[in-house]
Amino acid sequence: MRSSNPVFSRRGFSRDNGYAGFNTAPQAGGAAVGTQGNPYAQQGGANPYAQNPYAQQTQYGAPPQAPVATGRMTMDDVVMRSAMTLGTVAVGAILAWALLPVSNKSYGLAIGSALIAFVLAMVQSFKRTATPALILGYAAFEGVFLGVISEMYNSRWSGAPFQAVLGTMAVSGATLLVYKQGWIRVTARYARIGMSIAIAFMVVMAVNLLLVAFGVAEDGGLRSMGPMGVIVGLLAILLGAFFLTLDFKQIEDGIAYGAPREEAWLAAFGLTMTLVWIYVEMLRLVAIFSSND
């Protein structure tokens, strides 16, 4: 099963329809099993980076070595690219908030920006290589969308966007801590169960949207401002945290097994999409709690 995040279904982050490094690469510093499960090991052409002069051979039973060549992805590369994409989202959101007053036209612009961002994300997801222009373009349009809806929520529930940002940071930090401490082991079974829940959730939400659109369900259906909306929102945030653990695992494997530096753009792209998911769900949850005060 591939990652729910289309970015990490790209070459180098998955192999034979499985997650790169599951039960092979170390999580938080453990030892690797060997080259049989190493998606970056030079064996029989299975490694998409076998021709990469910077990729080194991993010996059987030896832990992956820290990258020593400039052509391989490092954590600094991932952090820098992530800062660029998230910074672009933030700038787009701030400009949209400052320049676009709350109105029907701004809502239409938000929907249009979201659609453009979706198209750019899909184009990048199906490309075999990272295209920074596409990724930054996605981030810019996503930022406009977030800026408009954040202003809309703030006009009705003052301070909701700020609380949502704090909530997103708290969820992300807690997820990273849990992952690095090894309290959650990202295994194939873990991924299958999580993906099954995520797919079921998305199907149910799609059906709920149709029922609301045709007037069968009122007040948002499962997405209401009542207790059911809280339950759905919490589940969505938990799924966002699940996606983050997959992102962390894929990044760790990419660094450990010598992915080329340009793959850091895909890592940043995936993290940005996941964090946007968590922020939007957190924004809805804050609004629900604020309405019931």
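Our subject in this report is the structure included herewith. Just so you know, these numbers come straight off a predicted model, no measurement behind them.

### Description of the overall build of the protein
The helix and strand inventory of the protein stands at seven helices and two strands. The helix and strand sequence of the protein, counted from the amino end, reads β-β-α-α-α-α-α-α-α. Per-residue burial for the protein yields a buried fraction of 48% across its 293 residues. Summarising the internal contacts of the protein: among those between residues at least 6 apart in sequence, 78% fall at separations of at least 24. Roughly 14,100 Å² of accessible area belongs to the protein as shown, and the carbon and sulfur atoms make up 67% of that amount.

### Some remarks on the pattern of salt bridges
This model, assessed by the stated rule, comprises five salt bridges. If you follow the salt bridges from partner to partner, you end up with Asp77, Arg81 and Arg261 in one network.

### Some details on the nonpolar core
Ranked by internal contacts, the top residues of the largest apolar core, which has 61 residues, are Val78, Tyr138, Leu146 and Leu283. If you list the elements that add at least two residues to this core, you get helix H1 (75-99), helix H2 (104-125), helix H3 (132-156), helix H4 (160-180), helix H5 (188-213), helix H6 (227-256) and helix H7 (263-291). Take this core: its biggest share by element is 17 residues, from H7. Among residues more than four places away in sequence, those in contact with Leu283 are Ile149, Ser150, Tyr153, Ala160, Pro161 and Ala164.

### Examining the layout of surface pockets
Quantified by volume, the largest pocket comes out at close to 1,500 Å³. For the lining of the largest pocket, the elements supplying multiple residues, two or more each, are H2, H3, H5 and H7.

### Structural notes on the side chain of Arg81
As for its position among the elements, Arg81 is in helix H1. Those residues in contact with Arg81 that sit more than four places away from it in its chain are Arg261, Ala264, Trp265 and Ala268.

### Observations concerning the packing of H4 against H7
With their axes 8 Å apart at the nearest point, H4 and H7 run at an angle of 130 degrees to one another. By the angle between their directions, the pair H4 and H7 is classed as oblique. Helix-helix and strand crossings are classified by hand; for H4 and H7 the assignment is right-handed. Residues Ala160, Pro161, Gln163, Ala164, Val165, Gly167, Thr168, Val171 and Ser172 of H4 form the contact with H7, whose own contacting residues are Leu275, Ile278, Tyr279, Met282, Leu283 and Val286.

Reading the values: rules and limits
- Residues numbered from 1 in each chain as written.
- Predicted model: local features only at pLDDT ≥ 70, side-chain atom pairs only at ≥ 80, totals over all residues.
- Heavy atoms only, no water.
- Helix = DSSP H or I, 4+ residues; strand = E, 2+ residues; numbered from the N terminus.
- Buried < 20%, exposed > 50% of the residue type's maximum accessible area, 1.4 Å probe, protein only.
- Contact = heavy atoms within 4.5 Å.
- Areas by Shrake-Rupley, 256 points an atom, 1.4 Å probe, with all protein chains shown as cover.
- Salt bridge = Lys/Arg side-chain N within 4 Å of Asp/Glu carboxyl O.
- Core = buried A, V, L, I, M, F, W, Y, C linked by side-chain atoms within 4.5 Å.
- 1 Å grid on protein atoms, 1.4 Å probe; cavity = no way out; pocket = protein on both sides within 12 Å on 5 of 7 lines; lining within 4 Å.
- Points joined across faces, edges and corners; volume = space filled by probe spheres on them.
- Axes fitted to C-alpha atoms, helices over the stretch in contact; angles between N-to-C directions.
- Parallel < 35°, antiparallel > 145°, perpendicular 65-115°, else oblique.
- Left-handed = near helix turned anticlockwise from the far one by under 90°.

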